[in-house]
Amino acid sequence: YGGLGLDFSYNIAVAEELGNIRCGGITMAIGVQAAMATPALTRFGSHELKKQFLVPTIAGDFVACLGVSEPGAGSDVANIKTMAVRKGDEYVINGGKMWITSGSQADWMCLLANTSEGPPHRNKSLICLPMNLPGIHIAKKIDKLGMRSSDTAQIFFEDVRVPCKNLIGEEGKGFTYQMLQFQEERLWGAATALIPMETIIQETIEYTRQRKVFGQPVLHNQTVHFRLAELATEVELLRSLLHRAVALYVEGNDVTKFASMAKLKAGRLTREVTDSCLQFWGGMGFTSEVLVSRFYRDFRLMSIGGGTDETMLSIICKYMDILPRK
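Quick summary incoming for the structure in this document. (Residues numbered from 1 in each chain as written. Predicted model: local features only at pLDDT ≥ 70, side-chain atom pairs only at ≥ 80, totals over all residues. Heavy atoms only, no water.)

1. Quick notes on the layout of surface pockets
For step 1, the next point in the chain: Taken as a whole, the largest pocket spans an internal volume of roughly 1000 Å³.
For step 2, the next point in the chain: If you trace the largest pocket, you find 44 residues lining it, with M28, T101, L301, G305 and G306 closest to the centre.
For step 3, the next point in the chain: Elements with a contribution of two residues or more to the lining of the largest pocket: helix 2 (24-36), strand 3 (90-101), helix 5 (174-210) and helix 8 (291-298).
For step 4, the next point in the chain: Examining the composition of the lining of the largest pocket, we find that seven residues originate from one element, helix 5, more than from any other.
For step 5, the next point in the chain: Taken together, the residues that form the lining of the largest pocket break down as 22 nonpolar, 15 polar and seven charged. (1 Å grid on protein atoms, 1.4 Å probe; cavity = no way out; pocket = protein on both sides within 12 Å on 5 of 7 lines; lining within 4 Å. Points joined across faces, edges and corners; volume = space filled by probe spheres on them. Helix = DSSP H or I, 4+ residues; strand = E, 2+ residues; numbered from the N terminus. Nonpolar A, V, L, I, M, F, W, Y, C, P; charged D, E, K, R; others polar.)

2. Examining the packing of aromatic side chains
For step 1, the next point in the chain: This model, assessed by the stated rule, comprises five aromatic pairs.
For step 2, the next point in the chain: Taken together, a centroid distance of 5.3 Å and an interplanar angle of 50° make the contact between F53 and W108 tilted. In this pair, F53 sits in helix 4 (residues 47-59) while W108 sits in strand 4 (residues 108-114), placing the two residues 55 residues apart along the sequence. (Phe/Tyr/Trp six-rings, centres within 6.5 Å; stacked < 30°, edge-to-face > 60°.)

3. Quick notes on the environment of D151
For step 1, the next point in the chain: The residue D151 is located in the loop between strand 6 (136-141) and strand 7 (152-163) in this model.
For step 2, the next point in the chain: Measuring from C-alpha to C-alpha, the distance between D151 and A29 comes to 8.3 Å, with 122 residues separating the pair along the chain.
For step 3, the next point in the chain: Beyond its immediate chain neighbours, meaning those up to four positions away, D151 contacts I100, T101, S102, G103, S104, Q105 and K141.
For step 4, the next point in the chain: A polar side-chain atom of D151 sits 3.1 Å from the main-chain amide nitrogen of Q105. (Contact = heavy atoms within 4.5 Å. Polar contact = N/O pair within 3.5 Å; in protein donor to acceptor, adjacent residues only side chain to side chain.)

4. As for the packing of helix 5 against helix 6 (residues 222-250)
For step 1, the next point in the chain: Relative orientation of the contacting elements helix 5 and helix 6 amounts to 155°, with a least axis distance of 10 Å. Relative to helix 6, helix 5 is oriented roughly antiparallel. Read as a crossing pair, helix 5 and helix 6 show a hand that is left-handed. Together, E184, L187, A190, A191, L194, M197, E198, I201, T204 and I205 of helix 5 and L228, L231, A232, V235, E236, L238, R239, L242, A245 and Y249 of helix 6 make up the contact between the two elements.
For step 2, the next point in the chain: Looking at side-chain class alone, the contact of helix 5 with helix 6 contains 15 nonpolar, one polar and four charged residues. (Axes fitted to C-alpha atoms, helices over the stretch in contact; angles between N-to-C directions. Parallel < 35°, antiparallel > 145°, perpendicular 65-115°, else oblique. Left-handed = near helix turned anticlockwise from the far one by under 90°.)

5. Quick notes on the state of the cysteines
For step 1, the next point in the chain: All told, the structure shown has zero disulfides when counted by the stated rule.
For step 2, the next point in the chain: Free cysteine C65: the closest other cysteine sulfur is in C110, separated by 8.9 Å.
For step 3, the next point in the chain: Taking the relative accessible area as the measure of exposure, C65 reaches 0% and is therefore buried.
For step 4, the next point in the chain: Of the cysteine sulfurs around C110, a residue in no disulfide, the closest is that of C128, at 6.2 Å.
For step 5, the next point in the chain: Look at C110 and you get buried, because its relative accessible area is 0%. (Disulfide = S-S within 2.5 Å. Buried < 20%, exposed > 50% of the residue type's maximum accessible area, 1.4 Å probe, protein only.)

See the structure below:
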């Protein structure tokens, strides 16, 4: 379908390299296209759906978005309210989605909707939804604390009709398919954070070496250089966890626990690195002129988007048999 036929480790290599972009919103948009909106279509979609949606998305002719989150259901995916009711050979969709990356410009959405009134983990389906259909209303482009270059939209559906053949895989399997998509999304997210954290640490070293306070460079304070060494060590530990998870995933293993751990650690560590380093920049760190302040805002999303820290902890607890699995 136009891809290179490589395994998932190459996605992660690309994701790491994209960390050299000095703007989180660009990397995130690419991630939605490559690791969030398309894995389920790649795995479970029909040949016809792949020709219609996957081929132009891989080619870069189509922009894809993922329609999961809603105002009342972010990390709580089972609680979504958007309905897709089958009428003849069509689904009629009503509801809305929130915080949709690339939503204002997307050509199609990988939409998660309720297709029956059954149990919340077995009543959902994924549907390829063209974004030019009547009844799709892009309410607004959301103004955000960080990732400000990212197109993030609120979208409403009013009696939107889409052919039933646009269903990805089996009806009622959407929750399961989306959970599988989340694993790739979370590994991708952790990968994109590595180089930015290393860059921030290195730029902080260079700045504090030049900046003098009380007659000596800021870097010469043991509190500063020990803290930077500690943060660099934490980044390397995250990289090792990520690479282990990816290797196991490529071999066909369930890496839900490790992917959740990597996502949790990435979210917390990006906050820790940017906060600590910004402090060492002093007043300059509080301006918009330096990279550390941008990443301080951009990477705050890492602990929220794609599953909050608290959600990751709950998943990890279930895989440790601390909490029961559903």
